[in-house]
Amino acid sequence: MEVAICIMARKPELGRVKTRLAATVGDDFTLAAYQSMLTYTLNEVAGAGTVFVAYTPEPLDDCSYDQFPQAEGNLGQRLKHAAQELLAKGYQKLVFMGTDCVEFTRADVDRAVRHLDSSDFCIGPAHDGGYYLMALKPGGLYVFDEMPWSTGDLMAATTAAITGRGESYTLLETKSDIDEWSDLSIHIEHLGLQDRVPPSLNHGR
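## A short note on the packing of aromatic side chains
Item 1. Tallied over the entire structure, the rule returns six aromatic pairs.
Item 2. With a centroid separation of 5.5 Å and an interplanar angle of 80 degrees, the aromatic rings of F52 and Y91 are classed as edge-to-face. With F52 in strand 2 (residues 50-56) and Y91 in the loop between helix 3 (75-88) and strand 4 (93-97), this residue pair connects regions lying 39 residues apart in the sequence.
Item 3. Taking relative accessible area as the criterion, F52 reaches 3% and is therefore assigned buried.
Item 4. Ring plane angle 80 degrees and centroid distance 5.7 Å describe the contact between F121 and Y142, whose orientation is recorded as edge-to-face. Pair noted here: F121 is in strand 5 (residues 121-125) and Y142 is in the loop between strand 6 (131-136) and helix 5 (154-164), with a separation of 21 residues, a long-range link. Residues F121 and Y142 agree in their burial class; the two are buried.
Item 5. Each member of the aromatic cluster is reached from another via a ring pair, and the members are F52, F68 and Y91.
Item 6. We note R165 situated over the ring of Y142; from NZ or CZ to the ring centre the distance is 3.9 Å.

Next up, the structure:
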């Protein structure tokens, strides 16, 4: 089965990425952190399938992967549109990820793809109640409809929708997303940001 890996990404621009984080650490450091997170994600998924970037608001610079624009609307509408784009290209296994999790590895992506041989979905749960990875096959786009996006209820609502249709899902290991400084601070060395941390933040590490 043809596998497509789709990264939902925002073009790195000062003042336009991860605004919750920027409110604490400032725009300059936030941009550096986001660029590192994006680079980590794109590098880690290389080779797991055909990689695409669904971008907003503009294409990424210096990106070797095929890109297409995200649709307007909430995250569910954007994910569903991206899935429809990839299904129209003939892909039969779809893996969606954002750029907020830097604890996943290529092995997690490979595992998700394999699980689709025996399950209808494979999901990577996040500690905040959402998910960092969603893998699905044609017919599974309903998991993007009418969900409580950006809340701690997303994972529970998603799995309830799946089981409510009599379909199956497999879970990967639960991992953390990066939304606040407390999330990012434990990954500074991992992301190569140790020389970029503002002095005012070093006491919190």
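Having put the structure on the table, let's press on.
## Section: the environment of L75
Item 1. Residue placement: L75 occurs in helix 3.
Item 2. Sequence separation between L75 and P199 is 124 residues; the distance between their C-alpha atoms is 35 Å.

## Quick notes on the pairing of strand 2
Item 1. The buried fraction of strand 2 is high, at five of seven residues.
Item 2. Sheet analysis places strand 1 (residues 3-10) next to strand 2, joined by seven bridges and oriented parallel. Note on strand 2: the bridge partner recorded for C6 is F52.
Item 3. As paired strands, strand 2 and strand 3 (residues 66-69) are joined by four bridges and run parallel to one another. Across the sheet, the residue bridging to Y55 is P69, located in strand 3.

## Concerning the side chain of K175
Item 1. Structurally, K175 is set in the loop between strand 7 (169-171) and helix 6 (181-184).
Item 2. Of the residues examined, K175 reaches a relative accessible area of 7% and is grouped as buried.
Item 3. With residues up to four places along the chain from it excluded, the contact list for K175 reads C101, E103, F104, D108, P125, A126, H127 and Y132.

## Topic: the pattern of salt bridges
Item 1. All chains considered together, the criterion is met by 12 salt bridges.
Item 2. Here K11 makes a salt bridge to D61, at a shortest N to O gap of 3.8 Å. Note that K11 is positioned in the loop between strand 1 and helix 1 (19-25) and D61 in the loop between strand 2 and strand 3, a separation of 50 residues in sequence.
Item 3. Using a relative accessible area of 13% as the deciding quantity, one classes K11 as buried.

## Some remarks on the layout of surface pockets
Rolled over the atoms, a probe with the dimensions of a water molecule shows which regions are left empty.
Item 1. In this structure, the largest pocket spans a volume of roughly 1,200 Å³.
Item 2. In terms of lining, the largest pocket is formed by 36 residues, of which the most central are K18, L75, D100, S150 and D179.
Item 3. Looking at the lining of the largest pocket, the elements with two or more residues in it are strand 1, helix 1, helix 3, strand 4 and strand 6.
Item 4. In terms of residues, the lining of the largest pocket owes the most to one element, strand 6, which gives four residues.
Item 5. Split by residue class, the lining of the largest pocket holds 17 nonpolar, 10 polar and nine charged.
Item 6. Taken as a whole, the second largest pocket holds about 220 Å³ of empty space.
Item 7. Lining the second largest pocket are 13 residues, with L38, L42, L60, D61 and D62 sitting closest to its centre.
Item 8. Grouping the amino acids of the lining of the second largest pocket by side-chain chemistry returns six nonpolar, four polar and three charged.

Calculation notes
Residues numbered from 1 in each chain as written. Predicted model: local features only at pLDDT ≥ 70, side-chain atom pairs only at ≥ 80, totals over all residues. Heavy atoms only, no water. Phe/Tyr/Trp six-rings, centres within 6.5 Å; stacked < 30°, edge-to-face > 60°. Helix = DSSP H or I, 4+ residues; strand = E, 2+ residues; numbered from the N terminus. Buried < 20%, exposed > 50% of the residue type's maximum accessible area, 1.4 Å probe, protein only. Lys NZ or Arg CZ within 6 Å of the ring centre and 35° of its normal. Pairing = 2+ DSSP bridges. Contact = heavy atoms within 4.5 Å. Salt bridge = Lys/Arg side-chain N within 4 Å of Asp/Glu carboxyl O. 1 Å grid on protein atoms, 1.4 Å probe; cavity = no way out; pocket = protein on both sides within 12 Å on 5 of 7 lines; lining within 4 Å. Points joined across faces, edges and corners; volume = space filled by probe spheres on them. Nonpolar A, V, L, I, M, F, W, Y, C, P; charged D, E, K, R; others polar.

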